[in-house]
Structures are given as structure tokens and as C-alpha cells.
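Here are the chains, one letter per residue:
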Amino acid sequence: MTTFRISEAAALLGVSSDTVRRWVDAGRLAAGRDEHGHRRVDGADLAAFARAQIEENDDGGRSSARNRFRGIVTEVVRDAVMAQVEIAAGPFRVVSLMSRQAADELGLEAGVVAVAVIKSTNVVVEIPGHERVAGQV
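Everything numeric here is computed off the predicted structure, so don't read it as measured data.

### Here's the deal with the overall build of the protein chain
Scanning the protein chain for helices and strands turns up four helices and seven strands. Shown N-terminal to C-terminal, the secondary structure of the protein chain runs as helices and strands in the order β-α-α-β-β-α-β-β-β-α-β. Of all 137 residues assigned to the protein chain, the portion counted as buried reaches 22%. In the protein chain, once contacts between residues fewer than 6 apart in sequence are set aside, the share between residues at least 24 apart is 44%. Carbon together with sulfur atoms contributes 52% to the accessible area of the protein chain, which is approximately 10300 Å² in total.

### Here we look at the packing of aromatic side chains
Evaluation of the coordinates by the stated rule reveals two aromatic pairs. Judged by centre distance (4.9 Å) and plane angle (50°), the rings of tryptophan 23 and phenylalanine 49 are tilted. In this pair, tryptophan 23 sits in helix α2 (residues 17-25) while phenylalanine 49 sits in helix α3 (residues 43-56), placing the two residues 26 residues apart along the sequence.

### Re helix α1 (residues 6-13)
Taken together, the buried positions of α1 are occupied by Ile6, Ala9 and Ala10. Angularly, the buried residues of α1 cover 100° about the axis, an arc narrow enough to put them on a single face. Across from the buried face of α1, at angles greater than 90 degrees, the exposed residues are Ala11 and Leu12. Count one or two residues on from α1 and you reach glycine 14, which has phi positive near 75°.

### Section: a nonpolar patch on the surface
Among the surface-exposed residues, Val81, Met82 and Leu97 lie close enough to one another that they form a single nonpolar patch of about 310 Å² accessible area. Along the chain, valine 81 turns up in the loop between β4 (67-78) and β5 (82-89).

### Considerations on the packing of α1 against α2
Two numbers describe how α1 lies on α2: the axes approach to 8 Å, and their chain directions differ by 105°. One element, α1, and the other, α2, form an angle in the roughly perpendicular class. Residues Ile6, Ser7, Ala9, Ala10 and Leu13 of α1 lie in contact with α2, whose contacting residues are Ser17, Val20, Arg21, Trp23 and Val24. Class assignment for the residues of the contact of α1 with α2 results in seven nonpolar, two polar and one charged.

### Focus on the sheet that holds strand β7 (residues 113-118)
Read across the sheet, four strands follow the order β6-β5-β4-β7 without closing on themselves; strand pairing throughout is antiparallel. The open sheet has two free edges, formed respectively by β6 (92-99) and β7, since each of these has just one partner strand. Taken over all neighbouring pairs, the strand axes of this sheet differ in orientation by 45° on average, direction set aside. Both β4 and β7 contribute to a ladder of six bridges, which runs antiparallel. The partner of phenylalanine 69 across the bridge, within β7, is alanine 116.

Conventions and cut-offs
- The residue numbers shown here count from 1 along each chain, following its written sequence.
- This being a predicted model, a pLDDT of at least 70 is required before a residue's local features are given, and a value of 80 or more before pairs of side-chain atoms are given or counted; all residues contribute to the totals for chains, interfaces and linings.
- As a rule here, side-chain values cover all heavy atoms of the structure and leave hydrogens and water aside.
- Put simply, DSSP marks the helices as runs of H or I at least four residues long and the strands as runs of E at least two long, and each gets a number from the N terminus on.
- Buried, partly exposed and exposed residues are distinguished by accessible area as a fraction of the type maximum, computed with a 1.4 Å probe on protein chains only: under 20%, between the cut-offs, and over 50%, respectively.
- Contacts were defined at the residue level, with two residues in contact if any of their heavy atoms lie within 4.5 Å.
- Accessible surface is estimated by sampling points in the Shrake-Rupley manner with a 1.4 Å probe; for residues, cover comes only from the protein chains shown.
- Put simply, two rings from Phe, Tyr or Trp (the six-membered ring, in Trp's case) pair if the centres are within 6.5 Å, and we call them stacked under 30 degrees between planes, edge-to-face over 60, tilted for the rest.
- This arc is taken over the directions from the axis of the helix to the C-beta atoms.
- For patch building, the residue pool is restricted to those with more than 30% relative accessible area and no salt bridge; the joining distance is 9 Å between like charges and 5 Å between nonpolar side chains (Val, Leu, Ile, Met, Phe, Trp, Tyr).
- Throughout this description, the term salt bridge denotes a Lys or Arg side-chain nitrogen within 4 Å of a carboxyl oxygen of Asp or Glu.
- Each axis is a line fitted through C-alpha atoms, and for a helix only the stretch in contact is used; angles between axes span 0 to 180 degrees, taken between their N-to-C directions.
- Oblique is the label for every angle not falling under 35 degrees (roughly parallel), over 145 degrees (roughly antiparallel), or within 65 to 115 degrees (roughly perpendicular).
- Classification used: nonpolar for Ala, Val, Leu, Ile, Met, Phe, Trp, Tyr, Cys and Pro, charged for Asp, Glu, Lys and Arg, polar for all others including Gly.
- Note: two strands are recorded as paired if DSSP finds a minimum of 2 bridges between them.

By themselves, these figures tell us nothing about what the structure is for.
If you want it as C-alpha cells, here you go:
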């Protein structure tokens, strides 16, 4: 069974360790103690909590895209036709290429809050620390 230290759970949820401790103390997130007395969160419980957080923060809009990253625009590079927009969404960096006209119409500049909405038919899933490539023995 996979369990996570408080700091690991915090990193996965994009919050501070203190926030996770407060959630555990308030009974919002279940946690047990290991043989050393350190709090550990069960992986299945953490996944259920993360899903509930996503559903709780859903803005109610209708879209087929499920990947939404709210963040702050950190950089916009424009040329005559195109613009490259970089958004910091928690610990994630999202980069979008769009027409300059679209970036101008949206008023995209460093410091603006924006949501990157991603719909992709090609998503690569990796497991940290596993060197084996799928299909290889």
C-alpha cells in the first residue's frame, strides 16, 4: 500500500505542509502514524481527497476539456504573427503558442491571472524513478 509523508502529500496537492497538517487535524484528510510517530497519508485517501478538491473548485462551466490550470502569466513573447505565453500554475509551467491577435485581445501580459485549458489526445504518463520504458523488458 502506498503512503505519503505530509510533505509529499503537500507537494502533490500544491499546498504547504502546514495546510495538509491543518486538514488532517480538522478531519478533512485521513492520516495515520508510522512506527516513528510520523503522520502518513494513504495513497487512495489522498487521491479521493484530491478528486474532491477538484470537484469543489469546478467553476460549473461546460467544456469537454478536463485539464484546467489556473495561474499567473509570467511571460509573453510576441512577434508579428504569433505569441508565446507562459503561465505558472502552482508548481507547473504551461506554455501556449497562439496568434498575436488572440494574445492582444485577451490582454495577456505578465501578472495577469489566466486559465490554461488543455485538451490533448496525446498524454505521456511517467512514473518517477522508473527507468524502464514501456514495451521493454
